[in-house]
Amino acid sequence: MINHSLKNNRLGSVTNIQTTSSSLTAETTHGRFKIVAFSDQVIQVTASRESSFEDFSYTVQAAPQNFSVEINDTPDQIELTTPALRVHIEKNPVRITFKTAEGKIINEDDPLGINWIGEQVTNYKKLQLGERFLGLGEKTGSLDRKGQAYTNWNTDAYAYHSGADPLYSSIPFYIGVHNGLCYGIFFDNSYKSFFNFGASNNRFASFSADAGELNYYFIYGQSVGEVIQHYTWLTGRMELPPLWSIGYQQCRYSYYPDKEVLSVARTFREKNIPADAIVLDIHYMDKYKIFTWDPKNFPDPKKMIDTVKHAGFHIVIMCDPGIKIESGYEPYDDGVKKNVFLKYPDGENYSGQVWPGWCHFPDFTNPATRNWWAEKFKDYVALGVEGFWNDMNEIATWGHGLPENIEFDFEGNKGTMRRGRNLYGFQMARSTYEGTKKLLNGKRPFNLTRSGFAGVQRYAAVWTGDNVSYDEHMLLGVRIVNSLGLSGVAFAGYDTGGFVGDANTKLFARWISTAAFSPFFRAHTMINTRDSEPWSYGEEVEQISRNFIRLRYQLMPYLYSLFFDAAQRGMPVQRALAIDYSDDPKIFDGQYQNQYLFGPGILVAPVESTKELTKVYLPAGNWYYLYTGQMYAGNQEIMIECPIHRLPVFVKAGALLPLQPAVMHTGEKTQELIVHFYYGKQSSEFLWYADDGETYAYQQGNYSQRLMAFHANEKKLTISKREGTYNTGKQEIRFVLHGFAPDHILVNGQTAKLSAESMSFFTPLEKYDPINDPDSMGEEPVKSFSIPYTEEAIELHWQ
């Protein structure tokens, strides 16, 4: 009779340990495990039943820091201690608990501990009282994942519904919060994985994988933001994107022929609607074959690209991985010759059917393939293309049933589709980014991907795929981008207006006003749907769109500084309220879980297009209503009007927002810096950053960095002397003061001349309806003054 007991599928008891200055390795009755201190606050735990551990990761970039930990071994337990953490290991059976330096339990194994069922390995974690779970990347559902279960298995999820799982990308990293404590767990295993946050049970949370090692990193931080910073230290951070890529991008499936592309560009400029990019979907190709142009519809792509560049536009092109099986098609012939495609175990190239027909697919886990792919972009770059859109890279094929016996190279250590599927889009994005970066000779490429894995932030922005044109999906997109930000992906967004279906006028207006406060800002729609440019919905929506897109461009100094923060610290641009207010239960309420911070100073409250009155929750602090300057106390729910032209947006008291005059595209330079200061009771600061926006010269010191600080007790505002060598070209600084009206202000000891402005909103933002709704905003005058721009320190005093 077969014994089906699972008791012997655990690690068992410790039989032997070996230690180094910062790690320990233990043999057990049924396997082995090791614990490595990567830093004071990042601990790697690996468990296996094999005779040795793997030492391979596409995600982890950091190496263990050179420091010592204290390891105490007693007959019943082992304790590894860093300045921030105590890792307590029970020996019989093996069970791991993470504690603060003071002994508070942060996270602990359930008695089931680490367990195998066949090849599947699981770690069971005891649910802590009041514990909430955040992140896990591109997932639907609520901000708090408690009570839900999810699968990581990258999937072409066309027109996915609001509870669909899995989607296009897998990021097996989540954050737990309870009792004032915060931690993260990154499960570095690319096989199909499963996360259970107390779903269908009240005993444990768990994470598991169909095969491979149990290899995870425990990350401790004093706050959710600190956990994100440690996670991105471990897995890498984005490089600064080109400035134009964070402007407005216009897309559809598809713009063709070239005359339509030129017409769209011309119409944006004629209507004074800012934009920086036009995106070409698959119809620019010759019969959907990548690295080609349709000779009929795009007979002279260089001329078209040069024409739109002259008008301030960049072209972004679709890049699909499938290489059509067609003799005489150079990428196919060359790919077969150089042996770059995924294969079956018997050596035959895998074939799958997609847009061009039957295709082979590059194996991006092979270094030779990555180099081959990079070389293929030479012609695109020579034409002036600087933006690249990696699509269909889950891998998407007709039939949606990729054989799991397909082999991947894995840098010479063969693996199958079971291990490689979740990594395919990640490594494709890497190949495109590394290749185009090299070909652009010092200019930054823009790289976008639909599919990815943990660490994808190093190579590409991520968008949420084939969303649908209705209000629930608009709000779902906001939550997914919030979750991606919690998971290390700062550059993310959604298809504004919805890809599948036809948005109505109110929905598009609400969506574009919301998307103006997202990291990646692109409107898109699919074939055989109505036009979805800002002017396609009538004059009212055109004006609303113009207003919010112009606001986006006025915010560009602030926004680009947020991207710098993402590159330096890994902090998201769009920030779930759980980052700053994780101990406030109200932010997890279903009414308010869509709200987020756009950087540290702006609170956005997305709302359905069908509502004209909504409830907003304002967390701790004081908050200024963007449109009128009215101040509201925090820690309260308020009712606010939300007509279609007025998305609820608030500015945090104490915020310092560097702005600029409105421009038509990011290539237009302005000579005025406009600093909006919202008076508060607490001191605050903001790091304003600028560089040329297109090269990597900032890495050699060609940047401008200045700390803006409000010193509440001293009634003083300071701007530090410029750090770096970049000349911003500014000639004047205008200060706009909200929430207080001093009689006089001293600027570096000299009295400034104050004047009143009639609007507390960001001029020159046009009103939605200046004829029928000219005065309903109810703005109160604010004080402002201007001084000549200087790179030296600036100090403002008032009484």
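Every value quoted in this text rests on a predicted model; they were computed, and no experiment measured them. (Residues numbered from 1 in each chain as written. Predicted model: local features only at pLDDT ≥ 70, side-chain atom pairs only at ≥ 80, totals over all residues. Heavy atoms only, no water.)

Student: Give a detailed account of the pattern of salt bridges, specifying residues and quantitative values.
Tutor: Going through the model one piece at a time under the given rule, you end up with 44 salt bridges. Of the charged contacts in the structure, one is a salt bridge between D156 and R450, with a shortest N-O distance of 3.5 Å. Of the two residues, D156 sits in the loop between β12 (149–152) and β13 (173–178) while R450 sits in the loop between β27 (446–449) and β28 (461–463), which places them 294 residues apart along the sequence. Of the two residues, D156 and R450, both sit in the buried class. The salt bridge partner of E394 is R450, with a shortest N-O separation of 2.8 Å. Residue E394 is found in the loop between β24 (387–390) and β25 (407–408), and its partner R450 is found in the loop between β27 and β28; the two are separated by 56 residues along the sequence. Pair check on accessibility: E394 and R450 agree, each one buried. When salt bridges with common partners are traced through the structure, they connect D156, D391, E394, R450 and D466 into a single cluster. (Salt bridge = Lys/Arg side-chain N within 4 Å of Asp/Glu carboxyl O. Helix = DSSP H or I, 4+ residues; strand = E, 2+ residues; numbered from the N terminus. Buried < 20%, exposed > 50% of the residue type's maximum accessible area, 1.4 Å probe, protein only.)

Student: Break down the sheet that holds strand β5 (residues 70–73) for me, with residues and values.
Tutor: Read across the sheet, nine strands follow the order β5-β6-β7-β8-β9-β10-β16-β15-β12 without closing on themselves; strand pairing throughout is antiparallel. Strands at the two margins of the open sheet, each flanked by one partner only, are β5 and β12. Looking at each pair of strands side by side, their axes are set apart by 15° on average, direction ignored. Bridge analysis of strand β10 (residues 120–126) against strand β16 (residues 204–209) gives six bridges, and the strand direction is antiparallel. (Pairing = 2+ DSSP bridges. Axes fitted to C-alpha atoms, helices over the stretch in contact; angles between N-to-C directions.)

Student: Give a detailed account of the packing of helix α2 (residues 258–270) against helix α3 (residues 301–310), specifying residues and quantitative values.
Tutor: Interaxial distance between α2 and α3 falls to 10 Å at its minimum, and their mutual angle equals 0°. The angle between α2 and α3 falls in the class roughly parallel. On α3, the residues that touch D258, V261, L262 and A265 of α2 are M304, T307 and V308. When its residues are assigned to classes, the contact of α2 with α3 shows five nonpolar, one polar and one charged. (Parallel < 35°, antiparallel > 145°, perpendicular 65-115°, else oblique. Contact = heavy atoms within 4.5 Å. Nonpolar A, V, L, I, M, F, W, Y, C, P; charged D, E, K, R; others polar.)

Student: Tell me what's going on with the side chain of N594, and back it up with residues and numbers.
Tutor: Among the structural elements, N594 can be located in the loop between α12 (578–581) and β32 (596–598). For N594, a relative accessible area of 9% gives the class buried. At 2.9 Å, the side chain of N594 and the side chain of R479 are in polar contact. Here N594 is in contact with L475, V478, R479, N482 and P606, once residues within four sequence places are set aside. (Polar contact = N/O pair within 3.5 Å; in protein donor to acceptor, adjacent residues only side chain to side chain.)

Student: For α2, give the residues involved together with the corresponding values.
Tutor: Its 13 residues place the ends of α2 18 Å apart at the C-alpha level, agreeing with the 18 Å of an ideal helix rising 1.5 Å per residue. Among the residues of α2, those classed as buried are D258, V261, V264, A265, T267, F268 and R269. Buried residues belonging to α2 abut β18 (248–252), β19 (277–280), α3 and β20 (314–319). Just downstream of α2, N272 is the residue with a positive phi angle, here 55°. (Expected span 1.5 Å × (residues − 1).)

Student: Requested: an account of unusual backbone geometry, with residues and values cited.
Tutor: With the exception of glycine, the majority of residues adopt a negative phi angle, and the majority of peptide bonds are in the trans configuration. The omega angle of the peptide bond from N92 to P93 is -5°, so this bond is cis rather than trans. Relative to the helices and strands, P93 resides in the loop between β7 (85–91) and β8 (94–100). Following Y253, the chain continues to S254 via a peptide bond in cis, the omega torsion being 0°. Unlike most non-glycine residues, N272 shows phi in positive territory, near 55°. Position of N272 among the secondary structure elements: in the loop between α2 and β19.

Student: Go over the side chain of Q44, please, and point to the residues and values.
Tutor: Its location among the elements puts Q44 in strand β4 (residues 42–48). Under the relative-accessibility criterion, Q44 is labelled buried at 9%. A distance of 3.0 Å separates a polar atom in the side chain of Q44 from a polar atom in the side chain of N215. Excluding residues within four positions of it along the chain, Q44 makes contact with K34, I35, V36, F38, N215, Y216 and Y217.

Student: Which residues make up the pairing of strand β29 (residues 492–496), and what values go with them?
Tutor: Buried residues dominate β29, accounting for five of its five residues. Where β28 meets β29, two bridges bridge the pair, whose relative direction is parallel. When the sheet's bridge partners are listed, V462 is paired in β29 with A492. Assessed by its sense of winding, the connection that carries the chain from β28 through helix α8 (residues 471–486) to β29 is right-handed. In this structure, β29 lies alongside strand β30 (residues 520–523), joined through four bridges in parallel fashion. In the strand pairing of β30, D495 is matched with R522. A crossover links β29 with its parallel partner β30, the connecting element being helix α9 (residues 505–515), and its sense is right-handed. (Right-handed = clockwise from strand over helix to strand, strands pointing away.)

Student: Describe the environment of Y217, naming the residues involved and giving the relevant values.
Tutor: Here Y217 lies in strand β17 (residues 214–221). Judged by relative accessible area, Y217 falls into the buried class, the value being 4%. Each C-alpha atom of the pair Y217 and I185 lies 5.6 Å from the other, and the pair is 32 residues apart in sequence. Discounting residues that sit within four places of it in the chain, Y217 has contacts with F38, V42, I43, Q44, V60, G184, I185, F186, D188 and L234. Separated by 3.1 Å, the side chains of Y217 and Q44 make a polar contact.

Student: I'd love a proper account of helix α10 (residues 539–554), names of residues and values included.
Tutor: Taking 1.5 Å per residue, 16 residues should reach 22 Å; α10 reaches 22 Å between its end C-alpha atoms and fits that length. Burial within α10 is extensive, with 14 of its 16 residues counted as buried.

Student: Mind laying out the sheet that holds strand β33 (residues 602–604), listing which residues take part and the relevant values?
Tutor: Here we have six strands laid out as an open sheet, ordered β31-β32-β33-β38-β35-β36, and antiparallel in their pairing. Unpaired on one side and paired on the other, β31 (574–576) and β36 (631–633) mark the two borders of the sheet. When the angles between neighbouring strand axes are averaged without regard to direction, this sheet yields 35°. On top of the sheet, helix α11 (residues 556–569) reaches β31, β32 and β33; it is set at about 105° to β32, its chief contact.

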